[in-house]
Amino acid sequence: MSGILVIAEQRRGELRPVTLELVSAAQQLRRTPDERVAVAILADEPDRFIPEVSVAGVDEVITVPVAAKDFDPDALEAAALALIEARKPAVVLVPHSIDAFGWAAALAVKGDYGFATDVFRIAYEDGKLIATRGGYGQKVNVELEFPGKPVVVVALRASVFKPPEGRSRPAVSRFEPPRAGTRLTGKEFIEASAGEDDVDMTSAEFILAIGRGIGEQANVERFRELADAVGAVLGCSRPIADAGWLPKSRQIGQSGKTASACKLYVAMGISGMKHVSTIVAVNADPGASIFSIATYGVKADIFEIADALRRQFPN
Amino acid sequence: MKILVAVKQVAALDEDFEIRADGKDVDPDFLVRDLNEWDDFSLEEAMKIKEASATPVEVVAVCVGPEDADEALRKCLAKGADRAIRVWDETVVGSDAIAIARLIAAVARREQPQLLFAGAQSADHAFAATGMAVAAFLDWPHAAVITQLTYTPGEEGATLRRELEGGVLHEMQIETPAVLTIQLGINTPRYASLRSIKQAAAKPIEVLTPQELGVPESAVGEAGSASRVRRMYVPEKGRAQMIEGSIEEQAARLAQLIRERTGGAA
C-alpha cells in the first residue's frame, strides 16, 4: 500500500476549503518524495473542481462522477470503497466535517480499514502510521496506531494544516463508481436565519463569548452590556443558542458560524475558535483545556472579571 | 414498532488525574462518569415519538459497558425507556468505536427496531463515529447530526434536518429502518421524577455477552477495532500567558489588551 488519497469535500457546487488543508497534510505525510498524493472529487459534476484542487503537492486528480446532486452517503461510500480497492492507498484523508460524520465511519467499516477521527497530527514513526487526537474533552492527547490495517481512513480536524501555496499541473483521470441506490434524498438547504438579530459573526473582529457558565438567562444582559462597552460582538456556545437565550446567529464553534474575521476572542468560561490570533480565556478551572490554546489566560470567576472589566470601560 | 437508543456512559476527568501505569488511559479512579449529554436528546426524541404515536411504540436503551454503565441505563429507564440492555464481558475491553458499533448492530439485528438513535458524538472522546458504523454493519440508511426529525410510526420514511457548518440546515428524506445520530438542541430533554428514578432502580437490565449476540472474540476488543491506543499523555501545558493578580489587576490588564488590539477605539 502506497500513496495518499485525499477525498475532496464539496457542497452545493463549491469546494470546501478544508480540502486544500488535507492536501498539505498529505504532502507532509509522504514517506518518500515520490509517494503520490491524489485528490478524488466525488461529485455529480466533478470536472468543475479540477482547477481549484490543482494546488502544489497534488500529483493526480481523480474525477469520480456520482449520481447524487446533494450529499448522499450511500453513493459516497460505494464510490470511495471502489476507488480505494482499485488504488490501494495507504492513507485516505477526509475532513472531520459534518458531511464526513455522515459517511466516513461507514466507509471504514465496509472496507475493514483503520479509522480515526478529529485527528490533528499524523505521521509515520518507525514505519508505523500514528494519528494523534484529543481525549476526555481535549484534556489529554491520544496516539492511535492501526495494527493489521493496510488502509487507514483519517478524518482530519479543520484549521490545523495551512493550505498549500502555489499551483501544480496534476495528471487527471476518471474513475467510474458503481451505481448505488439512494436511500437518503436531499430536499432543500435552509440558511440560518438571524431573525430580528442582524449580527454577522463572520465579519466580527472582536468577539466576547459566553457559555453555560453564566448560569441563567437573566445574566445574558450583563454580558451583552459588557460586550457593548468593550466594543465586542457577543457570541455564545451551542447550549446558550439552543436554549434560546441568544439567537442561533450568535453561536460560534463547530456547527455555528465560522468567525473568520475574528482577531480577538475573549472566552468567558467556554472553549473553541482555535484559529483566532489572540485568544483571552477566562476560566475558574486552572485545568481548563482552553488554557492550552489561548494566548492569555485569566484564572478567575467570569462574573467577577466581567464586573471588574466593566469598571475599566466607564462610558 | 420499536426504537433502539444507543447510549454511552462517558467519563470526565477529575481536576487532578493520573495516567495509568501502561500509559494508555487515565487511571479509572480519576474518572467521573455520567450519561453522555447527546444521548439525553436521543432518548427524548424517542420518547416524543412514542408519546405522539397512535400505535404502541417500545423504546429500548442499549449500552456497551461494564456494570457501572447500568447507571446510564437506569437514567434512561427513569425517563421512560421500556427496557434496557447492556452488552459486556471482559473481551470487550480495548474496543474502539467500530468494535462497539459491531455489538450495537448485533443487538439491533435481534431487536429489529424501525429507528436506531445514537448521539452525534460523545462528550469524552468525541469520535462521532459509532452511529454511522452501526449503520454500515446493518447496511441501513443513515444520517448524522440531526436537529429536527419528523416520523410517524408505520410510515416507511422520515423527514429530517442535518445541521451543517455555519448553521445551514439540510432537509432530507430517509428510508426506514434507519440509523440517525442526534445533535444537541433537537428537543428539550425531560427530567426524571424522584418516583420514576425509584421505579427504575427496581427494573431489570438485560445483560448480554458478545458471544450470546453471535459476535466472535476476534471481532471485539483490540482485535475487532479499527485503531488501538498506543499512548495517552497530558499535552505540554499551554502557551497561555497567565494574567495574575487581584481581580482588579487582572481586569486592568485585560482592558489594556483589548484597547491595544482594537486600536484603542473602545
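The rules we used
Positions within a chain are numbered from 1, following the residues in the order the chain's sequence is written. Note on labels: chains are lettered from A, ligands numbered from 1, in written order. Reporting of local features is limited, given that this is a predicted model, to residues whose pLDDT is at least 70; pairs of side-chain atoms are given and counted only at 80 or more, and all residues count toward the totals for whole chains, interfaces and linings. With hydrogens and water stripped out, all remaining heavy atoms of the structure feed into the side-chain values. In this description, strands pair whenever DSSP reports at least two bridges between them. Runs of E in the DSSP output that reach at least two residues are strands. Runs of H or I that reach at least four are helices, and both are numbered from the N terminus. Under this scheme, a helix contributes an axis fitted over its contacting stretch, all axes are lines through C-alpha atoms, and angles between N-to-C directions fall in the 0 to 180 degree range. Domain extents, as shown, originate in an automatic or database domain assignment. Contact criterion: two residues are considered in contact whenever any of their non-hydrogen atoms come within 4.5 Å of each other. Buried area counts how much accessible surface, traced with a 1.4 Å probe, disappears from two parts once they are put together, with both parts' losses summed. Salt bridge, as used here, is a side-chain nitrogen of Lys or Arg placed within 4 Å of a carboxyl oxygen of Asp or Glu. Residue classes follow a fixed rule: Ala, Val, Leu, Ile, Met, Phe, Trp, Tyr, Cys and Pro count as nonpolar, while Asp, Glu, Lys and Arg count as charged, and any other residue, Gly among them, counts as polar. Burial classification: accessible surface area is computed with a 1.4 Å probe over protein chains only, and a residue below 20% of its type maximum counts as buried, one above 50% as exposed, and the rest as partly exposed. Patch construction takes residues with relative accessible area above 30% that form no salt bridge. Like charges are linked within 9 Å, and nonpolar side chains (Val, Leu, Ile, Met, Phe, Trp, Tyr) are linked within 5 Å. What sets the accessible areas is the Shrake-Rupley method with a 1.4 Å probe; for residues, cover comes only from the shown protein chains. Only four residue types enter the tally: Lys and Arg on the positive side, Asp and Glu on the negative side, with His and both chain ends excluded. A charged residue contributes its charge at one atom only: NZ of Lys, CZ of Arg, CG of Asp or CD of Glu. We call two N or O atoms a polar contact when they sit within 3.5 Å, provided that within protein one can donate a hydrogen and the other can accept it, with sequence-adjacent residues counted only if both atoms are side-chain atoms. In plain words, nonpolar cores are sets of buried Ala, Val, Leu, Ile, Met, Phe, Trp, Tyr and Cys residues tied together by side-chain atoms within 4.5 Å.

Caption draft 1: Geometry of the sheet that holds strand S11 (residues 171-174) of chain A. Here ten strands make up an open sheet; going across it, the order is S11(A)-S5(A)-S4(A)-S1(A)-S6(A)-S10(A)-S7(A)-S8(A)-S9(A)-S12(B) and the pairing mixed. If you trace the sheet from one side to the other, it starts and ends with S11 of chain A together with strand S12 (228-233) of chain B, each paired once. For this sheet, the mean inter-axis angle between neighbouring strands, taken without regard to orientation, is 35 degrees. Two strands pair when backbone bridges link them, and strand S7 (residues 114-125) of chain A and strand S8 (residues 128-135) of chain A are joined in this way by six bridges, in the antiparallel orientation. Bridging from a neighbouring strand, Ala123 of chain A pairs with Ile130 of chain A of S8 of chain A.

Caption draft 2: Spotlight on the domain arrangement of chain A. Residues and elements named next belong to chain A. Each assigned domain of chain A is listed with its residue range as follows: domain 1 (4-174) and domain 2 (201-312). Inter-centroid distance (C-alpha atoms) of domain 1 to domain 2 is 32 Å. Of the residues lining the interface, eight residues belong to domain 1; the matching set on domain 2 comes to six residues. For the pair domain 1 and domain 2, the summed buried surface comes to about 460 Å²; carbon and sulfur atoms form 46% of the total. Contact with domain 2 buries surface across domain 1, with Ile98, Lys139 and Arg157 losing the most and accounting together for 56% of the total. The shortest N-O distance in the salt bridge between Lys139 and Asp285 comes to 3.7 Å. Of the residues contributing to the side of domain 1 that touches domain 2, the split by class is two nonpolar, four polar and two charged.

Caption draft 3: Representation of helix H2 (residues 70-78) of chain B within the structure. Of the positions making up H2 of chain B, those classed as buried are Asp70, Ala72, Leu73, Cys76, Leu77 and Ala78 of chain B. Positive backbone phi, approximately 125 degrees, marks Gly80 of chain B, located one or two places after H2 of chain B.

Caption draft 4: Representation of a negative patch on the surface. Residues and elements named next belong to chain B. On the surface, Asp14, Glu15, Asp16, Glu18 and Asp29 cluster together into a negatively charged patch. Here Asp29 shows up in the loop between strand S2 (9-13) and strand S3 (31-35). The exposed category is assigned to Asp29, whose relative accessible area is 65%.

Caption draft 5: Representation of the interface of chain B and chain A. Residue-level contacts link 80 residues of chain B with 86 residues of chain A. In total, chain B and chain A occlude about 7400 Å² of area from one another, counting both sides; carbon and sulfur atoms represent 57% of this. The tally of links from chain B across to chain A stands at 13 salt bridges. Here Glu143 of chain A ties to Arg231 of chain B by a salt bridge, and the two come within 3.1 Å at their closest N and O atoms. Counting across the interface, chain B meets chain A through 37 residue pairs in polar contact (both at pLDDT 80 or more). Among the secondary structure elements, those contributing two or more residues to the side of chain B that touches chain A are S2, helix H4 (130-138), strand S7 (142-150), strand S8 (157-163), strand S9 (169-175), S12, strand S13 (241-242) and helix H6 (247-261) of chain B. At twelve residues, H6 of chain B tops the list of elements feeding residues into the side of chain B that touches chain A. Split into classes, the residues belonging to the side of chain B that touches chain A amount to 45 nonpolar, 16 polar and 19 charged. Judged from the five bridges that link them, strand S9 (residues 140-145) of chain A and S12 of chain B form a sheet pairing that is antiparallel. Within S12 of chain B, the position partnered with Val142 of chain A by the bridge is Met232 of chain B.

Caption draft 6: How the structure looks around the sheet that holds strand S14 (residues 233-236) of chain A. Ordered by their spatial adjacency, six strands build an open sheet running S14(A)-S13(A)-S15(A)-S16(A)-S17(A)-S13(B), and the pairing between neighbours is parallel. Strands with a single pairing partner mark the edges of an open sheet, and in this sheet they are S14 of chain A together with S13 of chain B. Sheet topology note: the strand S13 (residues 206-210) of chain A/S14 of chain A ladder contains four bridges and is parallel. When the bridges of S14 of chain A are listed, Ala209 of chain A appears paired with Gly235 of chain A. Against the sheet, helix H6 (residues 220-230) of chain A contacts S13, S14 and strand S15 (264-268) of chain A, and its axis sits at roughly 165 degrees relative to S13 of chain A.

Caption draft 7: A look at unusual backbone geometry. In this structure, the amide linkage connecting Thr176 of chain B to the following residue, Pro177 of chain B, adopts the cis form with an omega of 0 degrees. For Pro177 of chain B, the position within the fold is in the loop between S9 and strand S10 (178-182). Phi at Asp118 of chain A is positive, roughly 50 degrees, even though this residue is not glycine. As for its placement among the helices and strands, Asp118 of chain A is situated in strand S7. Despite not being glycine, Gln138 of chain A shows a phi value in the positive range, around 70 degrees. Locating Gln138 of chain A in the fold gives a position in the loop between S8 and S9.

Caption draft 8: How the structure looks around the nonpolar core. Judged by nonpolar contacts, the single largest core of 116 residues is most densely connected at Leu116, Phe117 and Leu180 of chain B. By size, the runner-up hydrophobic cluster in this structure holds 43 residues, among which are Val55, Ala131, Tyr136 and Val140 of chain A.

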